[in-house]
Amino acid sequence: MTEFSRGVRLGVDVGQVRVGVARSDPHGVLATPLVTLARDLTAAPDAVPTDITELAHLVTEHEAVEVVVGLPVNLAGKHGPAAQHVTAYVSRLVDVIAPVPVALTDERMSTVVASRRLAERGVRGKRQRAVVDQAAAVEILQSWLDAQRRRTE
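Quick notes on the rules
Residues numbered from 1 in each chain as written. Predicted model: local features only at pLDDT ≥ 70, side-chain atom pairs only at ≥ 80, totals over all residues. Heavy atoms only, no water. Pairing = 2+ DSSP bridges. Helix = DSSP H or I, 4+ residues; strand = E, 2+ residues; numbered from the N terminus. Axes fitted to C-alpha atoms, helices over the stretch in contact; angles between N-to-C directions. Contact = heavy atoms within 4.5 Å. Salt bridge = Lys/Arg side-chain N within 4 Å of Asp/Glu carboxyl O. Buried < 20%, exposed > 50% of the residue type's maximum accessible area, 1.4 Å probe, protein only. pLDDT = per-residue confidence, 0-100. Polar contact = N/O pair within 3.5 Å; in protein donor to acceptor, adjacent residues only side chain to side chain.

Considerations on the sheet that holds strand S5 (residues 102–106)
As summarised here, the arrangement of the five strands in space is S3-S2-S1-S4-S5, forming an open sheet in which the pairing is mixed. Single-partner strands in this sheet number two, and they are strand S3 (31–38) and S5. Adjacent strand axes in the sheet meet at a mean angle of 25°, parallel and antiparallel pairs treated alike. Packed onto the sheet, helix H1 (residues 50–61) meets strand S1 (9–14), strand S2 (18–24), S3 and strand S4 (66–71) and runs at close to 150° relative to S3. Against the sheet, helix H2 (residues 81–97) contacts S1, S2, S4 and S5, and its axis sits at roughly 170° relative to S4.

So, in structure tokens, the structure goes:
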């Protein structure tokens with residue numbers, strides 16, 4: 001059994017338009033929504049997009065020991081275009097936040113689950129779109145934290 005190291009983790013849901021970010025408590029028990037970043041799709045190929053720069057600032061500000069990014073695997077377990085998009089995003093993120101490690105985790109259905117939970121709480125329409133990325137990041141990070149805890153029990 002490996003010991004789960006203490007420290008804040010950031011959970012990230014990378015979308016085409018927005019990036020949802022969640023954070024854990026230092027004990028790795030609970031993920032909470034943090035912020036939604038607008039994707040910078042206008043950055044030159046050799047420049048760091050502003051959303052990655054903002055994410056790097058969050059890593060520093062929250063003294064994150066790890067970043068957990070959801071990898072959209074399709075229901076058949078295959079990596080399609082969305083997974084390739086996230087993998088490319090992560091390769092840029094890794095360069096910017098090193099030496100903080102980045103873990104990829106299966107995020108199948110995280111946005112669907114997040115949308116359903118928000119709707120159950122009466123959050124719909126524009127209000128839901130504003131926070132669904134953060135809620136998806138919470139789902140991604142919480143399921144990763146739970147899996148880590150099960151592994152070390």
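Regarding the pattern of salt bridges
Proximity of charged atoms lets side chains of opposite charge pair with each other. Overall, the coordinates contain four salt bridges when judged by the stated rule. Ionic pairing is found between Asp51 and Arg39, a salt bridge with its closest N-O pair at 3.2 Å. Of this pair, Asp51 sits in helix H1 while Arg39 sits in the loop between S3 and H1, and the two are twelve residues apart along the sequence. As a salt-bridge pair, Arg149 and Asp146 come within 2.7 Å of each other at their nearest N and O atoms. Taken as a pair, Arg149 and Asp146 lie in helix H4 (residues 125–152) at a separation of three residues, close to a single helical turn. Using a relative accessible area of 25% as the deciding quantity, one classes Asp146 as partly exposed.

A few points about the environment of Leu145
Here Leu145 is to be found in helix H4. Aside from chain neighbours lying at most four places away, what touches Leu145 is Phe4, Arg9, Ser24, Gly28, Val29, Leu30 and Ala31.

Things to note about the pairing of S1
Here S1 lies mainly inside the structure; six of its six residues are buried. The side-chain alternation of S1 yields two buried faces, one formed by Arg9, Gly11 and Asp13 and the other by Leu10, Val12 and Val14. In this sheet, S4 lies alongside S1 in parallel orientation, the contact comprising four bridges. Note that in S4 the partner of Val12 across the bridge is Val69. In terms of strand pairing, S1 meets S2 through five bridges, oriented antiparallel. Considered in S2, the bridge of Asp13 is made with Gly20. Between S1 and the antiparallel strand that follows it, S2, lie three residues.

Topic: unusual backbone geometry
Along the chain, Ala98 connects to Pro99 via a cis peptide bond; the corresponding omega equals 10°. Tracing the chain through its elements places Pro99 in the loop between H2 and S5. With a phi angle near 50°, Glu63 is a residue other than glycine that sits in the positive phi range. Structurally, Glu63 is set in the loop between H1 and S4. Of the residues examined, Glu63 reaches a relative accessible area of 66% and is grouped as exposed.

Focus: the confidence of the model for the protein chain
Summary statistics for the protein chain give a mean pLDDT of 87 and a share of 86% for residues scoring 70 or more. Helix H3 (residues 110–120) is the least confidently modelled element of the protein chain, averaging 68 in pLDDT, while H1 averages 98, the highest of any element.

Topic: the side chain of Asp51
On the accessibility criterion, Asp51 (0% relative accessible area) is buried. In terms of polar contacts, Asp51 uses its side chain to reach the side chain of Arg39, at 3.2 Å.

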